Amino acid sequence: MDTLVAQLQRQFRDYTISLSPGFFGFLDDQFTELKKLQDECSPDFVAEVVSLFFEDCEKLIGNMARALDQTGNVDFSLVGSSVHQLKGSSSSVGAKRVKGLCVTFKECCDSQNFEGCVRCLQQVDIEYKSLKAKLQDLFNLEQQIVQAGGRIPQVDI
């Protein structure tokens, strides 16, 4: 049992580090700060916050896609507003790559670059889905550790 817990904890540390800026860069140190707010009283805090973030992403990406679908009549300020919201949400959970794409996306909105906006929307959608899968894997590892009787190790990014 202890060997299983140790192995899962090692996998958790390695996987968390692989998401950090020094490796694949999916997350930044804000994610570590968010994790520090989680305790025994609220063991699912981060998963709940991240789940709300992903719901928000889906809504905003859908809104931006619909707005960009209005060929010849795109409201770039509306798209830019959604991008700004997404950037803020991404920043609050430490979604580094999504946040970075939002900076470029906002520049495309400000210059009313339709092709650039469409390209950025596609990239944001891909990054958001990739991050969602990575974090789901991370949360699954956490559950396995707890079910095996272990504690989730603190890993700073």
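Residues numbered from 1 in each chain as written. Predicted model: local features only at pLDDT ≥ 70, side-chain atom pairs only at ≥ 80, totals over all residues. Heavy atoms only, no water.

**Points about helix H6 (residues 114–147)**
Then comes step 1: Spanning 34 residues, H6 covers 49 Å between terminal C-alpha atoms, matching the ideal 50 Å at 1.5 Å per step.
Then comes step 2: Structurally, the start of H6 carries an N-cap: the backbone nitrogen of Glu115 is 3.3 Å from a side-chain oxygen of Asn113.
Then comes step 3: Just downstream of H6, Gly149 is the residue with a positive phi angle, here 90°. (Helix = DSSP H or I, 4+ residues; strand = E, 2+ residues; numbered from the N terminus. Expected span 1.5 Å × (residues − 1). Polar contact = N/O pair within 3.5 Å; in protein donor to acceptor, adjacent residues only side chain to side chain.)

**Remarks on the UniProt feature "domain: HPt" (unreviewed entry) in the protein**
Then comes step 1: With numbering aligned to this structure, UniProt lists the feature "domain: HPt" (unreviewed entry) at residues 42–149.
Then comes step 2: Between the first and last C-alpha atoms of residues 42–149 the distance is 18 Å; the span itself is 84% helix and 0% strand. (UniProt positions renumbered as here; feature names shortened; annotations may be inferred.)

**Quick look at the environment of Glu58**
Then comes step 1: By secondary structure assignment, the location of Glu58 is in helix H3 (residues 45–68).
Then comes step 2: The class for Glu58 is partly exposed, based on a relative accessible area of 42%.
Then comes step 3: Once the C-alpha coordinates of Glu58 and Tyr128 are considered, the two residues, 70 residues apart in sequence, prove to be 8.8 Å apart.
Then comes step 4: Other than its neighbours up to four places away in sequence, Glu58 contacts Tyr128 and Lys132. (Buried < 20%, exposed > 50% of the residue type's maximum accessible area, 1.4 Å probe, protein only. Contact = heavy atoms within 4.5 Å.)

**Some words on the packing of helix H2 (residues 29–36) against H3**
For any two helices packed against each other, one specifies the crossing angle of their axes together with the interaxial distance.
Then comes step 1: With their axes 8 Å apart at the nearest point, H2 and H3 run at an angle of 130° to one another. Relative to H3, the element H2 lies oblique. Here H2 and H3 pass one another in a crossing that is right-handed. Mapping the contact onto sequence places Phe31, Leu34 and Lys35 in H2 and Phe45, Val46, Val49 and Val50 in H3.
Then comes step 2: Residues belonging to the contact of H2 with H3 are distributed by class as follows: six nonpolar, no polar and one charged. (Axes fitted to C-alpha atoms, helices over the stretch in contact; angles between N-to-C directions. Parallel < 35°, antiparallel > 145°, perpendicular 65-115°, else oblique. Left-handed = near helix turned anticlockwise from the far one by under 90°. Nonpolar A, V, L, I, M, F, W, Y, C, P; charged D, E, K, R; others polar.)

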